[in-house]
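So you can see what is in the structure, the chains are spelled out below.
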Amino acid sequence: MDKWWRNAVIYEVYPRSFADSDGDGEGDLAGVRAHLPYLRDLGVDAIWLTPFYPSPMADGGYDVADYRDVDPRFGTLDSFDEMLAQAHALGIRVIVDIVPNHSSSAHPWFVEALASPPGSPARDRYIFSDTTNDWRSVFGGPAWAQVPDGQHYLHLFDPGQPDFNWRNPQVRAEFESVLRFWLDRGVDGFRIDVAHGLIKAVGLPSLGPDDGTSSVVPYQDQDEVHEIYRDWRRILDSYPGDRIAVAEAWVSDPSRLSLYVVADELHQAFNFDFLQAPWDGPALRHTIDRCIAAADAVGAPTTWVLSNHDVRRQVTRLGSLDRARAAILLMLALPGSAYLYQGEELGLPEVLDLPPHARQDPVWKRSGGTELGRDGCRVPMPWSGDTPPFGFSPNGASWLPAPASWATLTAQAQAADPRSTLSLYRDAIRLRRAGNATGPLQWLDSAPEVLHFRRPGGLSCLVNLSGAPLPVPDGTGERVLASAPLVDGALAVDSAAWFID
Ligand code: TEU
């Protein structure tokens, strides 16, 4: 039988915005536990939890001060264990985020480094230098910050996120121990943050003038990074029960990405090409073929994702709820593993008009407000009721305000409506399980602006990206699901349907 993760549906939970059990306005692990039945009913195989570790929250928890504990705002190790046990009892696996590229500046090792002199062993765990180069922070501005004795430290993200020196054996040993800590607690795997970034080119060479020809930069996708994942794979394989790791790796093309998922390295890597593809038939088909071919070449399953806590929600990005509903039927019909992000099953749009004082993303802060950043996809989940924050917390507290217009989008409002987006996701996940478990896809004849393919299990998917209604071709089989009602037997513009033959 195929391994569970090769065609799993994995749901990303951003705990701060999922469900608040104690009324502090921020979600927590008890809130996750309370809503596990919702996720079981949705039909997901696993959840991926973004960081819930002790953190000053300079970057929403991706600045970890202690890799072996739970931030009090999210609960305790006991509440983690209770959530994990309940998830397993409901048949849901749990993947946690590991953040190995950088720690928080509040991590004891960085505090020790600051208190130690230049050249000391404590400083060697991070990347300190007497000089700087021209590297830029992903969040804007230089990637170097100066400390009082004149040295600078590297931070590819926020200054509160100093980069580790992965050539230091203590760093490697520490993370292997952290993996074991969570594996011993029973987690089913890890999502590896910035998996492509751990190794920096020797000598920290400057980028130089950008002539637009260089796709590989000296702090991304260095070949040496693969040694680390071979070590991690041995650790994962030493535990029973198919524990997995999925890389968050932003690399130049699918063939570079496939190097992370060869047999003795990681199980999966997020495929961001699909997420970034425009709503265009030929472009999507090209992306799908390219990504499947690259993963097939190394025997790994492809992954598909339309949103996460870093990108604009697809209803807004693609331009309409209709397109987002069609896109999910396309994605869930593809071979491989599918990642969902909390709230997409409710058809939530990006919130573009958050009040400036509420915004927390360092992207917003470091760009001086010229870039909105990622808060708009992190607005707390609307669960129930008619007024914000829609059952997110017991007392109406919410760290980011939800728009009043979400009253019609709550999980409660959608649960019993067979035409709702929530019902569409539930139906699609159920039918996917029944109809398309394994095997490649076969493209069927169609116009370029139409995607039409069939899976060996008998499921076929038809997506209409053309500007006109699309009559369903003869012999397509029995229609089992549609993202929009058919009119006179034709698929509306920007809609998709599934058929079984
Ligand atoms: O993201 C890595 C990354 O490079 C981008 O997703 C980046 O955050 C985004 O484009 C900025 O606009 C991961 C996490 O998913 C992200 O939330 C963290 O901020 C980042 O790492 C640092 O840990």
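### Some remarks on the domain arrangement of the protein
For the protein, the domain assignment lists domain 1 (4-101 + 169-421), domain 2 (108-154) and domain 3 (439-500). Relative placement of domain 2 and domain 3: their C-alpha centres are 55 Å apart.

### As for the sheet that holds strand β12 (residues 442-443)
Pairing is antiparallel in the open sheet, where five strands are placed in the order β12-β13-β14-β18-β16. Each end of this open sheet is capped by a strand with a single partner; those strands are β12 and β16 (478-482). Sheet topology places strand β14 (residues 459-464) next to strand β18 (residues 495-500); six bridges connect them, and they run antiparallel. Paired with Cys461 across the bridge in β18 is Trp498. Sitting on the sheet, helix α12 (residues 321-333) is in contact with β13 (450-454), β14, β16 and β18, with an inclination near 35° to β18.

### What about the side chain of His155?
Mapped onto the secondary structure, His155 falls in the loop between β6 (152-154) and α6 (169-185). The contact partners of His155, leaving out residues within four places of it in the chain, are Ser137, Pro142, Ala143, Trp144, Ala145, Gln161, Pro162, Asp163 and Arg366.

### Considerations on the site of the ligand
Near the ligand there are 17 residues, and of these Asp59, Asp193, His309, Asp310 and Arg374 occur at the shortest range. Within the side chain of His309, a nitrogen or oxygen atom sits 2.9 Å from an oxygen atom of the ligand. The contact in question runs from an oxygen atom of the ligand to an N or O atom on the side chain of Asp310, over 2.5 Å. Out of a free accessible area of 500 Å², the ligand has 87% covered by protein chains. When atoms are counted within 2 Å of each cavity's grid points, the one that captures over half of the ligand is the largest pocket. Classifying every residue of the shell around the ligand by side-chain character gives seven nonpolar, three polar and seven charged.

### Overview of the pairing of strand β2 (residues 46-49)
Covered by surrounding structure in β2 are Ala46 and Trp48 together with Ile47 and Leu49, the residues of both alternating faces. Relative to β2, strand β1 (residues 9-13) runs parallel, the two being bridged by four bridges. Bridge pairing in β2 places Tyr11 opposite Ile47. Sheet analysis places β2 next to strand β3 (residues 93-98), joined by four bridges and oriented parallel. Within the sheet, the bridge partner assigned to Ala46 lies in β3 and is Arg93.

About the cut-offs
Residues numbered from 1 in each chain as written. Predicted model: local features only at pLDDT ≥ 70, side-chain atom pairs only at ≥ 80, totals over all residues. Heavy atoms only, no water. Domains from an automatic or database assignment. Pairing = 2+ DSSP bridges. Helix = DSSP H or I, 4+ residues; strand = E, 2+ residues; numbered from the N terminus. Contact = heavy atoms within 4.5 Å. Axes fitted to C-alpha atoms, helices over the stretch in contact; angles between N-to-C directions. Near = heavy atom within 4 Å. Polar contact = N/O pair within 3.5 Å; in protein donor to acceptor, adjacent residues only side chain to side chain. Areas by Shrake-Rupley, 256 points an atom, 1.4 Å probe, with all protein chains shown as cover. 1 Å grid on protein atoms, 1.4 Å probe; cavity = no way out; pocket = protein on both sides within 12 Å on 5 of 7 lines; lining within 4 Å. Sits in = over half its atoms within 2 Å of the grid points. Nonpolar A, V, L, I, M, F, W, Y, C, P; charged D, E, K, R; others polar. Buried < 20%, exposed > 50% of the residue type's maximum accessible area, 1.4 Å probe, protein only.

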